[in-house]
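# A structural walkthrough
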Amino acid sequence: MEHAIEADGLVKTYGKGAKAVRALSGVGFAVPRGTVFGLLGPNGAGKSTTTKILTTLSTPDSGTAVVAGLDVAKEPGRVRHAIGYVPQRPCFDPTATGRENLTLQGHVYGLPRADIRSRGDQLLERFGLAEAANRITKTWSGGMQRKLDVALALMHRPQVLFLDEPTTGLDPEARADMWAEISGVTRADGVTVLLTTHYLEEADQLADRLVIIDRGQVVAEGTPEELKGGLDGDTVQVELADPGQQAAARRAIDTVHGVGDVGVDGARLHARVGNGAATLPGLLAALEGAGVPLASVTVARPSLDDVYLRHAGRSFHSADRAGLTDRAATEVAA
Ligand code: ADP
């Protein structure tokens, strides 16, 4: 088996009639075994819906999915034994100790008694939780609790691990710690990891390959380097001192030769340029000529944000905020 996950043409609609929401419109991708694969997209893109279908928690309207060599529609029970799933919300018992949580999980999966103890010890050690093992988990830090969630999902030695937004809510130190643990899962055990995230940096750092999902569709696929390498030139970002001058700034930038893909996000304007150093003086002169004061200017190599902008036609951060608003609206409607 070359791929740990193969999704093809997944379509999913929530609700009916006028209130129907098309969450997925034909999502497909293949995840090579033993790699970290990123599902990157703004809020509301369809990441959780895809994950729910792959983990047998939801069924698609059409399309197929094969996980660990098993068709999720035909053999959901066997798929559940072959995978581990860490949802966004914590899944441990806060009134039990770390060791008790792992023991219970071992029983749920029907592991032999002797194995439960040794596997639990191994995971506690591996995630740096051994010292706290006999303390009630509600007293643990957020980072330790998140690591316990991952350890619980690994207890029955799954072939594929699903992590839904694993670092949301963690402080930067705990996030970096979690990134190291996730890389370790593929390196040490050969487990395939499918990670959903709306952090561009997280996908860039962790994913061997990724798909960018936007409005229920895959808009780009590749390694982070391939995706960024597909864009020529640099990105210029300009922050206005006065957001009210957005339209004047945009008009001024549009007159500068060699500037393309101009986008606006609040007080920030961004544009693609062939060569940042060569274009910047003309761009600054045009803004000054138009009487637009600036708070800051940066020139950078392409990022995944730029990749998203190119394929989705809007900035990732504005899409992410819009997704939150849409979600609030659909949840009220639902
Ligand atoms: P993501 O995980 O990328 O934030 P989701 O898969 O949660 O995206 O959501 C995709 C779309 O489907 C969004 O528009 C969301 O509001 C909608 N949606 C998700 N779950 C439901 C539901 N249970 N009922 C109605 N709409 C839903």
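Read on for an overview of the structure. Since this is a predicted model, take the numbers as computed values, not measurements. (Residues numbered from 1 in each chain as written. Predicted model: local features only at pLDDT ≥ 70, side-chain atom pairs only at ≥ 80, totals over all residues. Heavy atoms only, no water.)

## Describing the side chain of Glu-202
- Here Glu-202 shows up in helix H7 (residues 200-206).
- Although Glu-202 lies buried, it forms no salt bridge, and the closest oppositely charged side chain, Arg-175, sits 4.5 Å away as judged by the N-O distance.
- Within the local environment of Glu-202, its side chain forms a polar contact with the side chain of Thr-197, the two groups lying 3.0 Å apart.
- In contact with Glu-202, not counting residues within four places along its chain, are Pro-166, Thr-167, Arg-175, Trp-179, Leu-195, Thr-197 and Ala-207. (Helix = DSSP H or I, 4+ residues; strand = E, 2+ residues; numbered from the N terminus. Buried < 20%, exposed > 50% of the residue type's maximum accessible area, 1.4 Å probe, protein only. Lys, Arg positive; Asp, Glu negative; His and termini not counted. Salt bridge = Lys/Arg side-chain N within 4 Å of Asp/Glu carboxyl O. Polar contact = N/O pair within 3.5 Å; in protein donor to acceptor, adjacent residues only side chain to side chain. Contact = heavy atoms within 4.5 Å.)

## So, the packing of helix H9 (residues 246-254) against helix H10 (residues 276-289)
- At a closest axis distance of 9 Å, the pairing of H9 and H10 adopts a crossing angle of 135°. By the angle between their directions, the pair H9 and H10 is classed as oblique. For the pair H9 and H10, the sense of crossing is right-handed. Contacts between H9 and H10 involve Ala-249, Ala-252 and Ile-253 from the former and Leu-283, Ala-286 and Leu-287 from the latter.
- Each residue belonging to the contact of H9 with H10 can be placed in one class, and the counts come to 6 nonpolar, no polar and no charged. (Axes fitted to C-alpha atoms, helices over the stretch in contact; angles between N-to-C directions. Parallel < 35°, antiparallel > 145°, perpendicular 65-115°, else oblique. Left-handed = near helix turned anticlockwise from the far one by under 90°. Nonpolar A, V, L, I, M, F, W, Y, C, P; charged D, E, K, R; others polar.)

## Points about the packing of aromatic side chains
- Under the criterion given, the structure shown has 2 aromatic pairs.
- Look at Phe-29 and Phe-37: their rings are 5.3 Å apart centre to centre, the planes differ by 20°, and that puts the pair in the stacked class. Each of the two residues, Phe-29 as well as Phe-37, counts as buried.
- Ring geometry for Tyr-308 and Phe-316: centres 4.9 Å apart, planes at 75°, overall edge-to-face. The same class applies to Tyr-308 as to Phe-316, namely buried.
- The residue whose ring lies beneath Arg-175 is Tyr-199, and the NZ or CZ to ring-centre distance is 4.1 Å. (Phe/Tyr/Trp six-rings, centres within 6.5 Å; stacked < 30°, edge-to-face > 60°. Lys NZ or Arg CZ within 6 Å of the ring centre and 35° of its normal.)

## Here we look at H10
- Its 14 residues give H10 an end-to-end C-alpha distance of 20 Å, which sits within 8% of 20 Å, the value for a rise of 1.5 Å per residue.
- Taken together, the buried positions of H10 are occupied by Gly-276, Thr-279, Leu-280, Leu-283, Ala-286 and Leu-287. Axial view of H10: buried residues confined to an arc of 135°, hence all on one face. Of the exposed residues in H10, those oriented more than 90 degrees away from the buried face are Ala-277, Ala-278, Pro-281, Glu-288 and Gly-289. (Expected span 1.5 Å × (residues − 1). Arc of directions from axis to C-beta.)

## Some points on the sheet that holds strand S2 (residues 21-32)
- Strand order across the open sheet formed by 4 strands is S2-S1-S4-S5, with antiparallel pairing between neighbours. The open sheet has two edge strands with one neighbour each: S2 and strand S5 (70-71). (Pairing = 2+ DSSP bridges.)

## With respect to the pattern of salt bridges
- All chains considered together, the criterion is met by 18 salt bridges.
- When the shortest N-O distance is used, the salt bridge between Asp-115 and Arg-157 registers 3.1 Å. Separated by 42 residues along the polypeptide, Asp-115 in helix H4 (residues 113-126) and Arg-157 in the loop between helix H5 (142-154) and strand S7 (160-164) bring together distant segments of the chain.
- Here Arg-146 makes a salt bridge to Asp-149, at a shortest N to O gap of 3.0 Å. In this pair, Arg-146 and Asp-149 both sit in helix H5, 3 residues apart, roughly one turn of the helix.
- Here Asp-149 falls in the buried class, since its relative accessible area comes to 1%.
- Among the charged side chains, a salt-bridge network with shared partners connects Arg-99, Arg-117 and Asp-121.

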